[in-house]
Amino acid sequence: MNFSSETILGLKRLCNPSLVNDQHFNELVDSCIRAVQTDELANKNKSTEGKLDVIKVAYASLTVLLTEAARHGVDSDILKDILEGYNLNQDRISSIVETYGKNKLQVERKLMRIGTSLPHIVEIHWRMDYTIKSNCNKQYIQPFFHIQLVTITSNNNKKVIRFVCSVQNLEELVFQLKTATRHMNKLVTGALK
């Protein structure tokens, strides 16, 4: 696993006792692992306001470390070796590795539930209504289309999207979909050559 220079700098700041004291370090590690597992954001601690920039970088770096380690299936011993390679404080390395070891399975499960794909349209339902007369007693015939799209996300949740459009709106939608399809076909055929 390779990390950016910003991530390494954040980890070095996190493990530097003169920048982040032990109490703040423990709070930061607990807050970070809780955020990775539950999408709960870290609370701004009033006692860290003076070092807020250091805390933010350290928090982001620790989040990257924990999620990337879980994503790659790294065990605690390998994570310890990686962190020791950056010449970090041994006590803090032990704390991070211990926390990671205890929570690795939960983080991996959370990462499995996160999808990177957009929802897919699996069903389309539509109906056409006519407006024959308006409330102003003007007679005109105008069709409206009621469209219902059923999509499915990467974690198999179904979502229904409903909208109403005129003939012109529907023609524009179809044109845009055809343009997108042609563009994707060009990209695929260009990539295969």
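What counts, and where the lines are drawn
- Residues numbered from 1 in each chain as written.
- Predicted model: local features only at pLDDT ≥ 70, side-chain atom pairs only at ≥ 80, totals over all residues.
- Heavy atoms only, no water.
- Buried < 20%, exposed > 50% of the residue type's maximum accessible area, 1.4 Å probe, protein only.
- Helix = DSSP H or I, 4+ residues; strand = E, 2+ residues; numbered from the N terminus.
- Arc of directions from axis to C-beta.
- Contact = heavy atoms within 4.5 Å.
- Polar contact = N/O pair within 3.5 Å; in protein donor to acceptor, adjacent residues only side chain to side chain.
- Expected span 1.5 Å × (residues − 1).

## Quick notes on helix 4 (residues 76-84)
- Among the residues of helix 4, Leu-79, Ile-82 and Leu-83 are the ones counted as buried. Each buried residue of helix 4 lies within a common arc of 95° when the element is viewed along its axis, so the set occupies one face. Within helix 4, the exposed residues directed more than 90 degrees away from the buried face are Asp-77 and Asp-81.
- In the core, the buried residues of helix 4 are packed alongside helix 1 (5-14), helix 3 (52-71) and helix 5 (90-113).

## Focus on the side chain of Arg-92
- Residue position: Arg-92 is located in helix 5.
- The exposure class assigned to Arg-92 is buried, which follows from its relative accessible area of 3%.
- At 2.9 Å, the side chain of Arg-92 and the side chain of Asp-22 are in polar contact.

## Comments concerning helix 5
- The terminal C-alpha atoms of helix 5, which comprises 24 residues, lie 33 Å apart, in line with the 34 Å expected from a rise of 1.5 Å per residue.
- All buried positions along helix 5 are accounted for by Arg-92, Ile-93, Ser-95, Ile-96, Val-97, Thr-99, Tyr-100, Asn-103, Lys-104, Val-107, Glu-108 and Lys-110.
- For helix 5, the elements touching its buried residues are helix 1, helix 2 (22-38), helix 3 and helix 4.
- Backbone nitrogen of Asp-91 and a side-chain oxygen of the N-cap are separated by 2.9 Å at the start of helix 5; the cap is Asn-89.

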